[in-house]
Amino acid sequence: MFGDDREVPDQPQIEIGNHVRSLRVMHARHDDLQNGSWTAAQGRCCDSAMTIVFVNGVPVTSAVWTPLINELSRTQTQDLVRLSPPGFGSPLGPRFGATFADYCDWLIAELSRFETPVHLVGHSLAGGYVLEVAMTRPDLLRSWVSETVAGYEPDYTWHDVAKLWQTPGTGERHVEELFSGDVAQRAARMVDWGIPEPTAGEVALGQGPDMGRAILALYRSLSQTVLAERGRDLPKAAARPGLVPVATEDLTVGSVATRHRAARRAGARAVDLDGIGHWWMLQDPARAARMLSDFWRSV
């Protein structure tokens, strides 16, 4: 809960006006955005009325979105961007603090580059960044999707791996082990975490010490007290249409009942995804794409 970044293979790019767009998907790296390498002369991008932005979470890269994106229609993917948070598919940078507030500020800055509000989708802790945008900068959004909304409920407790990462010494040893070895070894660990191949191998390419440092800083900046304080503002997310995917087998984001309660507080629609877990976009990408498409058509 609450990424070497790779281009989607075989996706030729074409130039339309001042924008670079893929025939299937536009893939944005954080460093590209910072350098302005894919923005218009005014520093803006994606002036379409149907811009969709995906943001990956922890401990992965934007490769986790590929199977779902491949299930979307060509119209939906004409203006589709995958933003990789620093340390999770794009360079961490020496001055980036990697706290929760830093990632929320990063996402707001990137979304501010778009000409029009976007449909924003976040997974894992990126779902928390999405909620912060919805609560504080709804002008940047047409809609939002986050499955981590229960993290803002007062009775939410962190899952066991998060508690490890929040513990000095123990967290350092855990991320060192998690990201040790070669790509094949790291990919095998991701398979154990429920990520299927070939995505596990693609994710493993982006894992390393920087991701480990980012994880520790991020989770240690998010105490239960911080979550509870931010949760008081959850009703503000209702300023834009929201969707909460409820993967019933996901044990990291609160109980099904808690997620439904939080969705109601956020004024969002909750959709149960029976029988699948944390990696819902990988376990049943066609079903996930239908859920998102139905939601986007309704807003």
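Basis of the calculations
Residues numbered from 1 in each chain as written. Predicted model: local features only at pLDDT ≥ 70, side-chain atom pairs only at ≥ 80, totals over all residues. Heavy atoms only, no water. Core = buried A, V, L, I, M, F, W, Y, C linked by side-chain atoms within 4.5 Å. Buried < 20%, exposed > 50% of the residue type's maximum accessible area, 1.4 Å probe, protein only. Contact = heavy atoms within 4.5 Å. Phe/Tyr/Trp six-rings, centres within 6.5 Å; stacked < 30°, edge-to-face > 60°. Helix = DSSP H or I, 4+ residues; strand = E, 2+ residues; numbered from the N terminus. Axes fitted to C-alpha atoms, helices over the stretch in contact; angles between N-to-C directions. Left-handed = near helix turned anticlockwise from the far one by under 90°. Nonpolar A, V, L, I, M, F, W, Y, C, P; charged D, E, K, R; others polar. Pairing = 2+ DSSP bridges.

Student: Explain the nonpolar core here, please?
Tutor: Across soluble globular proteins, you tend to see nonpolar side chains buried next to one another. Counting 86 residues, the largest nonpolar core has Phe-54, Leu-111, Leu-120, Trp-144 and Trp-280 as the members making the most contacts within it. Dropping the residues within four chain positions of it, Trp-280 is found in contact with Trp-65, Leu-68, His-123, Glu-147, Pro-245, Ala-247, Leu-273, Pro-285, Ala-288 and Met-291.

Student: How should the packing of aromatic side chains be read in this particular structure?
Tutor: A ring pair, where both rings are aromatic, is described by two values, the distance of the centres and the angle of the planes. In total, this model carries 10 aromatic pairs according to the counting rule given. With 4.9 Å between their ring centres and 65 degrees between their planes, Trp-165 and Tyr-219 make a pair best called edge-to-face. Of the two residues, Trp-165 is situated in helix H6 (residues 160–165) and Tyr-219 in helix H10 (residues 209–220); the sequence distance between them amounts to 54 residues. By relative accessible area, which is 0% here, Tyr-219 ends up buried. These aromatic residues form a ring-pair network of at least three members: Phe-88, Phe-96, Phe-100, Tyr-103 and Tyr-129.

Student: Could you clarify how one ought to interpret unusual backbone geometry in this entry?
Tutor: Cis geometry is found at the peptide bond from Val-58 to Pro-59, where omega equals -10 degrees. Take Pro-59: it is sitting in the loop between strand E4 (52–55) and helix H2 (66–69). For the bond from Glu-197 to Pro-198, the omega torsion is 5 degrees, close enough to zero to count as cis. Within the fold, Pro-198 resides in the loop between helix H8 (183–192) and helix H9 (199–205). Backbone geometry places Ala-98, a non-glycine residue, at a positive phi of 65 degrees. Tracing the chain through its elements places Ala-98 in the loop between strand E5 (80–83) and helix H4 (100–111). Residue classification places Ala-98 among the buried positions, given a relative accessible area of 2%. Look at Ser-124: it is not a glycine, yet its phi comes out positive at around 60 degrees. Judged by its relative accessible area of 0%, Ser-124 is buried.

Student: Where do I start with the packing of helix H7 (residues 170–178) against H10 in this structure?
Tutor: In a pair of packed helices, the angle between the axes and the distance between the axes together describe the arrangement. Where H7 meets H10, the closest approach of the two axes is 9 Å, and the angle between their N-to-C directions is 145 degrees. Between H7 and H10 the crossing geometry is right-handed. Across the interface between the two elements, Gly-171, Glu-172 and Val-175 from H7 touch Gly-212, Ile-215, Leu-216 and Arg-220 from H10. Taken together, the residues of the contact of H7 with H10 sort by class into three nonpolar, two polar and two charged.

Student: Is there a simple way to explain the pairing of strand E6 (residues 118–122) in this structure?
Tutor: Side chains on a regular strand alternate between the two faces of the sheet. Here E6 lies mainly inside the structure; five of its five residues are buried. In this sheet, E6 lies alongside E4 in parallel orientation, the contact comprising four bridges. Paired with Phe-54 across the two strands is Val-121, which belongs to E6. Here E6 runs beside strand E7 (residues 141–146); their pairing, made up of five bridges, is parallel. Considered in E7, the bridge of Val-118 is made with Leu-141.

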